[in-house]
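Reading the structure
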Amino acid sequence: MRRKRRRLPETPEVARLRAEAKAYLPVRLRQLADTYGFEYNSVRIKHNVSNWGSCSSKKNINLNLNLMRLPEDLRDYVMLHELCHLRHLDHGPGFHALLEGICPRHREYAAALKGYELI
């Protein structure tokens, strides 16, 4: 039996973030993917309470609308992180080597990201 997901209330702030995210994030993700040679199937904008983004084995990327609350460099870091999962679904050495090669400041960005909360 499948569990029903809890829906978060759509406040005016969330509605604004969703609109901004739908206009900006897919375009920026495509730019980053093209720059670094990644191919994905689809991108979806979600309002998750537990993660900034995710990547499935089917090469679908989900991005949290809360990314719009972050500075641009942290948004790009999250998107690059998810793009790297297209080649390495885990967080093993191959994943980290790939991420290091395209985002040398990834450790700094990961630490900075912990200072932000999802709403």
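Throughout what follows, the structure given in this document is the object of discussion. (Residues numbered from 1 in each chain as written. Predicted model: local features only at pLDDT ≥ 70, side-chain atom pairs only at ≥ 80, totals over all residues. Heavy atoms only, no water.)

Within the open sheet, the three strands sit side by side as β1-β3-β2. Their pairing is mixed. At either margin of the open sheet sits one strand with a lone partner, and together these are β1 (42-46) and β2 (53-55). Across the sheet, the mean angle separating the axes of adjacent strands is 15 degrees when strand polarity is ignored. Summarising the sheet, β1 and strand β3 (residues 60-64) pair through five bridges and their orientation is parallel. Each bridged residue has a counterpart across the sheet, and for Ser42 the counterpart in β3 is Asn60. On top of the sheet, helix α1 (residues 12-36) reaches β1 and β3; it is set at about 155 degrees to β1, its chief contact. (Pairing = 2+ DSSP bridges. Helix = DSSP H or I, 4+ residues; strand = E, 2+ residues; numbered from the N terminus. Axes fitted to C-alpha atoms, helices over the stretch in contact; angles between N-to-C directions. Contact = heavy atoms within 4.5 Å.)

Right, let's get into the packing of α1 against helix α2 (residues 72-84). Here α1 crosses α2 at 60 degrees, and the two axes come no closer than 10 Å. Judged on the interaxial angle alone, α2 and α1 are oblique. The element α1 and its partner α2 pack so that their crossing is right-handed. Within the contact between the two elements, α1 uses Tyr24, Leu25, Arg28, Leu29, Leu32, Ala33 and Tyr36 and α2 uses Glu72, Arg75, Asp76, Met79, Leu80 and Leu83. Broken down by class, the residue content of the contact of α1 with α2 amounts to nine nonpolar, no polar and four charged. (Parallel < 35°, antiparallel > 145°, perpendicular 65-115°, else oblique. Left-handed = near helix turned anticlockwise from the far one by under 90°. Nonpolar A, V, L, I, M, F, W, Y, C, P; charged D, E, K, R; others polar.)

With that settled, consider the packing of aromatic side chains. A ring pair, where both rings are aromatic, is described by two values, the distance of the centres and the angle of the planes. Tallied over the full model, the rule gives one aromatic pair. Aromatic side chains Tyr77 and Tyr109 sit 6.0 Å apart centroid to centroid with 45 degrees between the ring planes, which places their arrangement in the tilted category. Remark: Tyr109 occurs in helix α4 (residues 106-113) and Tyr77 occurs in helix α2; sequence separation between them is 32 residues. In this structure Tyr77 comes out as buried when scored by relative accessible area, which is 7%. Look at Tyr109 and you get buried, because its relative accessible area is 10%. (Phe/Tyr/Trp six-rings, centres within 6.5 Å; stacked < 30°, edge-to-face > 60°. Buried < 20%, exposed > 50% of the residue type's maximum accessible area, 1.4 Å probe, protein only.)

Further remarks concern α1. Under the 1.5 Å per step criterion, the end-to-end length of α1 is 35 Å for 25 residues, consistent within 8% with the ideal 36 Å. Its axis deflected by about 35 degrees at Ala21, α1 carries its strongest bend there. For α1, the full list of buried residues reads Val14, Leu17, Ala21, Leu25, Arg28, Leu29, Leu32 and Ala33. Buried residues along α1 sit against β1, β3 and α2. At the C-terminal side of α1, Gly37 shows a positive phi close to 75 degrees. (Expected span 1.5 Å × (residues − 1). Bend = angle between axes of the 7 residues up to and from the residue.)

Here we come to the pattern of salt bridges. Side-chain pairs of opposite charge can arise whenever the charged atoms involved come near each other. With the rule as written, the count across this model stands at six salt bridges. For Asp34, the salt bridge identified is with Arg30, shortest N-O distance 2.8 Å. Of this pair, Asp34 and Arg30 both sit in helix α1, four residues apart, which is roughly one turn of that helix. You can call Arg30 partly exposed: its relative accessible area is 28%. Linking Arg107 and Glu100 is a salt bridge whose minimum nitrogen-to-oxygen distance equals 2.8 Å. Judged by relative accessible area, which is 31%, Glu100 ranks as partly exposed. (Salt bridge = Lys/Arg side-chain N within 4 Å of Asp/Glu carboxyl O.)

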